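Coordinate inspection notes
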Amino acid sequence: MVPPLAVDIDGTLTRPDDSIDPRVFDALRGWDAPVVIATGKSFPYPVGLCEFIGIPINVVAENGGATYVESAETVVYDGDPESAEAVGAEYVAAGHELGWGSVDLTNRWRETELAVSREQPLDPLVDIATDHGMVVVDTGYAYHVKAPDVDKGRGLKTAAAAFDAGPGAFSAVGDSENDAELFELVDRSIAVANADETAMATADEVTEAAFADGFLEALDLLRASA
């Protein structure tokens, strides 16, 4: 029997051009255990992904800030959105930009944290975040300003409880430092070959292939040991 699965989106289900690899749709739909999409993206993105794949809507969004399991019918929010908003306002007042243009679709539906483009200066963002008791996580796709006690691992604990299981029953696949706390909790963690140093150091193993090819390889590894 294959294990329940927690999987990241960006860098894990995607191709190098950031688009979703269509092969992962059937792979996830055919996984014979619960699947939780665990991402730094805002809540609507993983919800939409689940709907288009045709799997139950089980998501950990915003790096653990918003968690939803379809069978539980409740969204659990964690984090400090007021402080995240204050960090953003002070960062902009200091002469910087969030970096998403005049229509900010990256933060438009974000409810518990703030995302800043990696093209923007990091050091002043970290300084301002620290002043507000927040931390900055670099996912390789954006700088995320979030509460220090909120992460994907905490979100998975919430999600797993809805399945009457603990996070230790899960396996996880990811690529970034924001997957590290998740990797530390699950039974088996696999980083894809394009993962950053933190993810690779935390994972139990690393695939030979990168991006979605690595994800599909990870599923084969999990099936082989089931």
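Use the structure listed above.
Throughout what follows, the structure given in this document is the object of discussion. These figures come from a predicted structure and were not determined experimentally.

On to the sheet that holds strand 8 (residues 143–146), then. As summarised here, the arrangement of the three strands in space is 6-8-7, forming an open sheet in which the pairing is antiparallel. The sheet terminates laterally at strand 6 (114–116) and strand 7 (135–138), the two strands that pair on one side only. Strand-to-strand twist in this sheet, taken as the mean axis angle between neighbours without regard to direction, amounts to 25°. Strand direction decides the pairing type here: strand 6 and strand 8, joined by three bridges, are antiparallel. The residue of strand 8 that forms the bridge with V116 is Y143.

Within the sequence span of helix 2 (residues 44–53), burial applies to P46, V47, G48, L49, C50 and I53. Elements in contact with the buried residues of helix 2: helix 1 (23–29), strand 2 (35–38) and strand 3 (58–61). Positioned one or two residues after helix 2, G54 has a phi angle of 95°, which is positive.

On to the sheet that holds strand 11 (residues 205–206). Hydrogen bonds along the backbone pair up the strands of a sheet, which may run parallel or antiparallel. Taking strand neighbours across the sheet as the criterion, the eight strands line up as 5-4-3-2-1-9-10-11 in an open arrangement whose pairing is mixed. Every other strand in the sheet has two partners, leaving strand 5 (74–77) and strand 11 as the edge strands with one partner each. Alignment of strand 10 (residues 188–191) against strand 11, held across two bridges, turns out to be parallel. The residue bridging I190 from the neighbouring strand is E205, located in strand 11.

Quick look at the nonpolar core now. By size, the foremost hydrophobic cluster in this structure holds 32 residues, and its most contacted members are L5, V7, L28, I37 and F215. The biggest single contributor to this core is helix 8 (residues 211–224), with six residues. Excluding its chain neighbours within four sequence positions, the residues that come into contact with I37 are V7, I9, L28, P46, L49, C50, N58, V59 and V60.

Another point: the pairing of strand 7. Here strand 7 runs beside strand 8; their pairing, made up of four bridges, is antiparallel. Paired with V137 across the bridge in strand 8 is H144. Here strand 7 folds back onto strand 8 in antiparallel fashion, the turn holding four residues, of which G140 has a positive phi close to 90°.

Attention now moves to the packing of helix 3 (residues 81–93) against helix 4 (residues 122–131). Between helix 3 and helix 4, the shortest axis-to-axis distance is 9 Å and the interhelical angle comes to 135°. As summarised for this structure, helix 3 and helix 4 are arranged oblique, according to the angle between their axes. Both helix 3 and helix 4 take part in a crossing whose hand is right-handed. Between helix 3, through V87, E90 and Y91, and helix 4, the contact on the second element is made entirely by P124, L125, I128 and A129. When grouped by side-chain class, the residues that make up the contact of helix 3 with helix 4 number six nonpolar, no polar and one charged.

Here is what the cut-offs are and how they apply
- Residues numbered from 1 in each chain as written.
- Predicted model: local features only at pLDDT ≥ 70, side-chain atom pairs only at ≥ 80, totals over all residues.
- Heavy atoms only, no water.
- Pairing = 2+ DSSP bridges.
- Helix = DSSP H or I, 4+ residues; strand = E, 2+ residues; numbered from the N terminus.
- Axes fitted to C-alpha atoms, helices over the stretch in contact; angles between N-to-C directions.
- Buried < 20%, exposed > 50% of the residue type's maximum accessible area, 1.4 Å probe, protein only.
- Contact = heavy atoms within 4.5 Å.
- Core = buried A, V, L, I, M, F, W, Y, C linked by side-chain atoms within 4.5 Å.
- Parallel < 35°, antiparallel > 145°, perpendicular 65-115°, else oblique.
- Left-handed = near helix turned anticlockwise from the far one by under 90°.
- Nonpolar A, V, L, I, M, F, W, Y, C, P; charged D, E, K, R; others polar.

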